[in-house]
Amino acid sequence: GDSQAPVWHAAILAGLTGVVGILAFVALRLAFAQGFLSKPYLQDSSRRSLALTGAQHILWDWQPQEGVLDVGTELANKLGHAIDKSQSRAAMRWFAALLHPADELAYQKILDLRQLQIGNFVEQELRLRDAKGVYHWFSLRARALPGAGGVPARLIGTLTDISRNKETENRLINESIHDPVTGLPSRALFLDRVEQDIAKPLALPRRILMVGIERFKILNEGLGHDLGDQLLLDAGQRISLLLKKDE
């Protein structure tokens, strides 16, 4: 009888294994049949990933305790760099090497653990260099997540290309202080500079030269604004050639 005990134990174990396998198979078929695997909570991770990609946001995940930076491959693709460098252990040095020199200090402040507090949200605009040496503007937005001992375990968020927004912003600023036709400083900028110059201690006497174009209104209204704009452009360029650097 004792010699048959191991055989019975093996048979019972095999039977239980078979029952568990059948139950797992039935449960899996039921899940597919009922559509449980397509429920939103089971696809949340995939949907978040698709949303990030669709909105052109790039994953940026820094884990300070391990000294590891994980950057989405979309950044290397966008900037024309090799993907393997952005996914290696040296990704942190790779990313830092792309930074514009003027943005390095601001970026280092983000990584300073002494400044990080769990749950805090950080946002910083940075310039990153592409493979051709041209810098592109990105917005880094991330949040610190908790780890052991109340120390932030990671700073995770997204990088978003804002180069177009910056171009529009710079264009609007330039148009607000320069005439859109001639490219010369606008009246508002001219008056501001004159006021600053007059307000300087022991300011030297200044002369203001006003230049007018005879019968410009008649020409502009009679022959069209396009011709009038071209005339102003030519006049502005000729005046610019006569100006000195400090004028």
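As shown above, the structure is provided for reference.
The following paragraphs examine the structure supplied in this document.

Thresholds, definitions, all that
Residues numbered from 1 in each chain as written. Predicted model: local features only at pLDDT ≥ 70, side-chain atom pairs only at ≥ 80, totals over all residues. Heavy atoms only, no water. Patch = residues over 30% accessible without salt bridge, like charges linked within 9 Å, V, L, I, M, F, W, Y side chains within 5 Å. Areas by Shrake-Rupley, 256 points an atom, 1.4 Å probe, with all protein chains shown as cover. Salt bridge = Lys/Arg side-chain N within 4 Å of Asp/Glu carboxyl O. Helix = DSSP H or I, 4+ residues; strand = E, 2+ residues; numbered from the N terminus. Buried < 20%, exposed > 50% of the residue type's maximum accessible area, 1.4 Å probe, protein only. Axes fitted to C-alpha atoms, helices over the stretch in contact; angles between N-to-C directions. Parallel < 35°, antiparallel > 145°, perpendicular 65-115°, else oblique. Contact = heavy atoms within 4.5 Å. Pairing = 2+ DSSP bridges. Phe/Tyr/Trp six-rings, centres within 6.5 Å; stacked < 30°, edge-to-face > 60°.

Considering a nonpolar patch on the surface
- Where nonpolar side chains cluster on the molecular surface, the patch consists of F190, L191, I208 and M210 and spans about 460 Å² of accessible area.
- Tracing the backbone through its elements, the reader meets M210 in the loop between helix 8 (187–199) and helix 9 (216–223).
- The exposure class assigned to M210 is exposed, which follows from its relative accessible area of 77%.

Looking at the packing of helix 9 against helix 10 (residues 225–242)
- Look at helix 9 against helix 10: their axes get within 6 Å of each other, and the N-to-C directions meet at 140°. Put simply, helix 9 runs oblique to helix 10. Across the interface between the two elements, F216, L219, N220 and L223 from helix 9 touch H225, L227, G228, L231 and L232 from helix 10.

Side note on the pattern of salt bridges
- Tallied over the full model, the rule gives six salt bridges.
- The salt bridge partner of E123 is R141, with a shortest N-O separation of 3.5 Å. Residue E123 is located in strand 3 (residues 121–129), and its partner R141 is located in strand 4 (residues 135–146); the two are separated by 18 residues in the primary sequence.
- In this structure E123 comes out as partly exposed when scored by relative accessible area, which is 49%.
- Under the relative-accessibility criterion, R141 is labelled partly exposed at 37%.

Brief notes about the sheet that holds strand 1 (residues 57–63)
- Strand order in this open sheet of five strands is 2-1-5-4-3, and the pairing throughout is antiparallel. A strand with exactly one partner marks an edge of an open sheet, and here the two such strands are strand 2 (68–71) and strand 3. Put simply, the sheet's adjacent strands are angled 20° from each other on average, direction ignored.
- Judged from the nine bridges that link them, strand 3 and strand 4 form a sheet pairing that is antiparallel. Bridging across to strand 4, Q124 finds its partner in L140.
- In the packing of helix 5 (residues 91–98) onto the sheet, contacts are made with strand 1, strand 2, strand 3, strand 4 and strand 5 (152–161), and the angle to strand 3 comes to roughly 70°.

What about the side chain of K166?
- Positionally, K166 belongs in helix 7 (residues 163–177).
- Among the residues examined, K166 registers a relative accessible area of 14% and is labelled buried.
- Ignoring sequence-local partners within four residues, the contact set of K166 consists of E125 and W137.

Some thoughts on the packing of aromatic side chains
- Evaluated as defined, the whole model comprises two aromatic pairs.
- With 6.4 Å between their ring centres and 75° between their planes, W60 and Y107 make a pair best called edge-to-face. On the criterion of sequence distance, the pair formed by W60 in strand 1 and Y107 in helix 6 (residues 104–111) is long-range, its members being 47 residues apart.
- The exposure class of W60 is buried, given its relative accessible area of 0%.
- Look at Y107 and you get buried, because its relative accessible area is 1%.

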